[in-house]
Every structure is written in structure tokens, then in C-alpha cells.
Amino acid sequence: MKYKFDLHIHSLASGHAYSTVTENARFAKEKGLEMIGLTDHAPKMPGGACELHFYNLNVLPDYIEGVRVLRGVELNILDDEGTIDLPDRIIDRLQLVIASLHVVCITPREATDALVNAAKNKRVHILGHPGDPRYPFDVKAVVKAAYENNTLIEINNASFNPMNSRKGGEKTVVEILKECRKHSYPVILGSDSHYHTNIGNFSYIEPLLAEAEMPEELIINRDSGEMLKFLGL
């Protein structure tokens, strides 16, 4: 299967990523991708970008190196209410919004309420890397909240890199995939790239897709137009 885009990508602005926006776009073009998302970490992440960074993203052209670049953010979910760390006036200037749990921003805990409430936020498009074993949750409840609120669930490749602290969530991710399949609800794959050569790399999660018998038509990365329509772009 040929993937057309990767929307979970970080740049130097995240503080612990190491490629420029142009380097990201150039590598995506070499990889044969049509579209990428620029989703740097929001302010509550140590070293993350400040509010002005996101407010000013409109200075970027829609296409860089011939690749469509969506102006976005990876927000931090801060509590069980699903509170996120940018004001609405800035989020509304963006094209793409991921909301994720990170241990430096919220204490590990049972996370059903946090994820369900984030999924209910009309400004959130994607729940980032659920399945972190430090945040157990009710898969059926979170998937239900996702499809009822038109929020995608990300299947995150970096989570299963052997060097990543989120490793160990394979069983939960397969359960997520099977639950989405049962409801014919698509998922989105994300590399969570922090260096440009990882863009479009989904090698760690492809075995999980196979194990869950996830049909190609339920992987939204196969169709850029479908994704843009989902985002209202």
C-alpha cells in the first residue's frame, strides 16, 4: 500500500527535534509523499514552541518543495477534563490539531476521561499516540467518543521504536484497530518524526495493522483528498 501523507512531524521549533521545515518537506518529496503536517509541540512541553510560533505559521506557503504543508500543532492534554495548552484564538488559525498525553505534562493515570474529553473538543482533529501503557484507558469508550465526534485516532510509529519510552502498547493498539474496524471508522498513521529521515516511516506499526486485519480503506493515509475533506480544507 502506498501512503500519500504523514501529518505528525516535528521541526526544530519543538526543541528536541532536529530538522527544518524545508528539510522535512524536501525529504517528504523524495519519499513520494504529497502532503505533510507541521505539528510542533505546544508550550507546556519543555522546550516546545511559544504561542507566537503557532500564531505566525500563516507566513509559510501552502506548498514547500512541491509538497503540501499543513500548519498544525501537537497539543498537550493537561487533565481529565481534556484541557489543552493553546487558546482557541490561536488554534483557530491552524489547519491541523493533534492532542496527546505526555508524561512531562500530565501524571500517568487511567486516561479514559482525558482522551474522551479531548475527542469531544471540536477543535481537535486527531488523538495522538494512544496506547502508551503508562496511560491505560477504556478502548471501547475512547473509540466511541472518536467516531461520534469525528476525531481520528492515530497509530503512531515512533511509539514502537525500541528506544522509545512508550513501547509496550502493542496489545492496546491492536485492540484500537479492531474496534475501529468493527465500526468501519478510519485511523491515521503518523511517524511522529523528530528527524526528517523518519518521515513516512510506518515500519513498526505495519505488523500491528496486519495482526488486526485492518483493511486498506480504513487507513486514511492512502488518500490526501479524503484527509483534506476531513479537515474541511
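Residues numbered from 1 in each chain as written. Predicted model: local features only at pLDDT ≥ 70, side-chain atom pairs only at ≥ 80, totals over all residues. Heavy atoms only, no water.

Draft legend 1. Seen up close, the environment of I219. Position of I219 relative to the elements: it lies in the loop between helix 7 (206-211) and helix 8 (224-231). When the C-alpha atoms of I219 and P186 are compared, they prove to be 5.5 Å apart, with 33 residues separating the residues in sequence. I219 has contacts with M1, Y3, V187, L189, L209 and M214, leaving out every residue within four places of it along the chain. (Helix = DSSP H or I, 4+ residues; strand = E, 2+ residues; numbered from the N terminus. Contact = heavy atoms within 4.5 Å.)

Draft legend 2. Representation of the state of the cysteines. One pass over the full model with this rule turns up zero disulfides. The closest cysteine sulfur to the non-disulfide-bonded C105 is located on C50, 16 Å from its own sulfur. (Disulfide = S-S within 2.5 Å.)

Draft legend 3. Region of interest: empty space enclosed by the protein. Tallied over the entire structure, the rule returns two cavities of 30 Å³ or more. Taken together, L101, L115, G128, H129, P130, G131, D132, Y135 and F137 make up the lining of the largest cavity. When the residues that make up the lining of the largest cavity are grouped by side-chain class, the tally is five nonpolar, three polar and one charged. In this structure, the second largest cavity spans a volume of roughly 40 Å³. Of the residues in the lining of the second largest cavity, the class split is three nonpolar, four polar and three charged. (1 Å grid on protein atoms, 1.4 Å probe; cavity = no way out; pocket = protein on both sides within 12 Å on 5 of 7 lines; lining within 4 Å. Points joined across faces, edges and corners; volume = space filled by probe spheres on them. Nonpolar A, V, L, I, M, F, W, Y, C, P; charged D, E, K, R; others polar.)

Draft legend 4. Looking closely at the packing of aromatic side chains. Applying the stated criterion to the full structure yields two aromatic pairs. Ring centres of Y3 and F202 lie 5.0 Å apart, and the angle between their planes is 90°; on these two criteria the pair is classed as edge-to-face. Here the residue Y3 occupies a position in the segment before strand 1 (5-6), and F202 occupies one in the loop between strand 8 (187-190) and helix 7, the gap between them amounting to 199 residues. Grouping residues by exposure puts Y3 and F202 together as buried. Over the aromatic face of Y55 sits the side chain of R93, whose NZ or CZ is 3.7 Å from the ring centroid. (Phe/Tyr/Trp six-rings, centres within 6.5 Å; stacked < 30°, edge-to-face > 60°. Buried < 20%, exposed > 50% of the residue type's maximum accessible area, 1.4 Å probe, protein only. Lys NZ or Arg CZ within 6 Å of the ring centre and 35° of its normal.)

Draft legend 5. Just the nonpolar core, in detail. Within the largest apolar cluster, 77 residues are counted, with the highest numbers of intra-cluster contacts made by L177 and M227. Ignoring anything within four residues of it in the chain, the contact list for M227 reads F5, L7, M35, L152, I188 and I220. (Core = buried A, V, L, I, M, F, W, Y, C linked by side-chain atoms within 4.5 Å.)

Draft legend 6. Spatial organisation of the pairing of strand 5 (residues 96-100). Among the five residues in strand 5, five count as buried, and that is most of the element. Where strand 4 (residues 67-76) and strand 5 come together, five bridges link them in parallel fashion. Paired with E74 across the strands is I98, a residue of strand 5. Taken together, the three bridges between strand 5 and strand 6 (residues 126-128) define a ladder with parallel strand orientation. Its bridge partner being in strand 6, I98 is matched across the sheet by I126. (Pairing = 2+ DSSP bridges.)

Draft legend 7. Expanded view of the pattern of salt bridges. Following the criterion strictly, the structure yields twelve salt bridges and no others. A salt bridge links E51 to R89; the shortest N-O distance between them is 3.5 Å. Remark: R89 occurs in helix 3 (residues 88-91) and E51 occurs in helix 2 (residues 51-55); sequence separation between them is 38 residues. Notably, a salt bridge pairs R71 with D62, separated by 3.1 Å at the nearest N-O pair. You can call R71 buried: its relative accessible area is 13%. (Salt bridge = Lys/Arg side-chain N within 4 Å of Asp/Glu carboxyl O.)

Draft legend 8. The arrangement of helix 5 (residues 139-148) in detail. Within helix 5, burial applies to V139, V142, V143, A145 and A146. Mapping the buried residues of helix 5 onto a view down its axis gives an arc of 160°, with all of them on the same face. What points out from helix 5, more than 90 degrees from its buried face, is the exposed set K140 and E148. Contacts from the buried residues of helix 5 go to helix 4 (112-120), strand 6, strand 7 (152-156) and helix 6 (170-182). The backbone nitrogen of K140 lies 3.1 Å from a side-chain oxygen of the residue at the head of helix 5, namely D138. (Arc of directions from axis to C-beta. Polar contact = N/O pair within 3.5 Å; in protein donor to acceptor, adjacent residues only side chain to side chain.)

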